[in-house]
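The primary structure of each chain is shown beneath.
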Amino acid sequence: MLSKRGMLRLWQEIYAMTADVTPLGYDCGLLCDAICCQDWEAGVGIYLYPGEEMLLAGESWLERTWHDHRRYALSTSWDRGAWFVTCTDWCPRPIRPFGCRTFPLTADLREDGRWELIMDPNGLPICPLIQWGSVHLLQPTFRFTMEQAWKKLLAVAAIREEVMASSRRRRMRLHQGGRR
Ligand code: SF4
Ligand code: SF4
């Protein structure tokens, strides 16, 4: 288990390596009026990954709510819950959360430990890139950088457990006929 200091260093490294990559060779927000940065549905927001909150403490454009693992079926490996955040204003781009950097990709982790980057099914109703339906239409540099970043993140037990829990929830929704 990484110490809090180790986790902070990891997130600093992840933010640095993903600072400038984007899904397309141009601003994909032009395709959709940057809908993923707007309140496209009541209550939309993202979870910070374990330890990421240390980089974002005190940011005034970010509203955060603590979600306890007992109520929200979250992993217990890091502080027994997770921070759910919404932005109340445009963020300073260098410090946007990792969930915004990796979107429309996310990691799908299976029970046998294998993982892959997939288009995030939660974004299907809004994101033209997800609607295109293939990760191969995204810039290779973006895919490569995100793969490297996720590899480092998934090496940390607390993050791997959280991603395992969200991958399970995603598969369950798929099984129940919900959106993938
Ligand atoms: S919704 Fe998709 S296409 Fe639009 S800005 Fe977000 S990532 Fe880009
Ligand atoms: S934090 Fe920034 S990148 Fe993420 S949704 Fe808000 S404005 Fe968009």
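Note: the structure precedes this text.
Along each chain, the written sequence defines residue order, and numbers are assigned to residues from 1. Starting at A for chains and at 1 for ligands, labels are handed out in the order in which the entities are written. The predicted nature of this model means local features are confined to residues of pLDDT at least 70 and side-chain atom pairs, given and counted, to a pLDDT of 80 or more, with totals for whole chains, interfaces and linings taken over all residues. Only heavy atoms go into the side-chain values, all of them from the structure, while hydrogens and water stay out.

### Here we look at the site of ligand 2
- Consider each residue's heavy atoms; a residue with any of them within 4 Å of a molecule or strand counts as near. Residues in close proximity to ligand 2 include Cys-36, Cys-37, Trp-61, Cys-87, Trp-90, Cys-91, Pro-97 and Cys-100, which together make up its full environment.
- Only Asp, Glu, Lys and Arg are considered charged, only Ala, Val, Leu, Ile, Met, Phe, Trp, Tyr, Cys and Pro nonpolar, and every remaining residue, Gly among them, polar. Broken down by class, the residue content of the shell around ligand 2 amounts to 8 nonpolar, no polar and no charged.

### Thoughts on helix H7 (residues 157–175)
- Going along the chain from the N terminus, every DSSP run of H or I of four or more residues is numbered as a helix, and every run of E of two or more is numbered as a strand. What a helix is expected to span follows from its residue count: subtract one and scale by 1.5 Å. Helix length check: H7, at 19 residues, gives a terminal C-alpha distance of 26 Å against a target of 27 Å (1.5 Å per residue), a fit within 8%.
- All of the buried residues along H7 are Ala-158, Ile-159, Glu-162, Val-163, Met-164, Ala-165, Ser-167 and Arg-170.
- Working rule for contacts: check all heavy atoms of both residues, and any pair within 4.5 Å makes them a contact. On its buried face, H7 is in contact with helix H1 (4–17), strand S4 (105–109), strand S5 (115–119) and helix H6 (140–154). Only protein chains enter the area calculation, which uses a 1.4 Å probe; residues under 20% of their type maximum are buried, those over 50% are exposed, and those in between are partly exposed.

### Focus: unusual backbone geometry
- In this structure, Pro-104 follows Phe-103 across a cis peptide bond, with omega equal to 15 degrees.
- Of note in this structure, Asp-33 is not a glycine but carries a positive phi near 60 degrees.
- Within the fold, Asp-33 resides in the loop between H1 and strand S1 (46–47).
- In this structure Asp-33 comes out as exposed when scored by relative accessible area, which is 61%.
- The phi angle at Ala-34 is positive, at roughly 50 degrees, despite the residue not being glycine.
- By the secondary structure assignment, Ala-34 is in the loop between H1 and S1.

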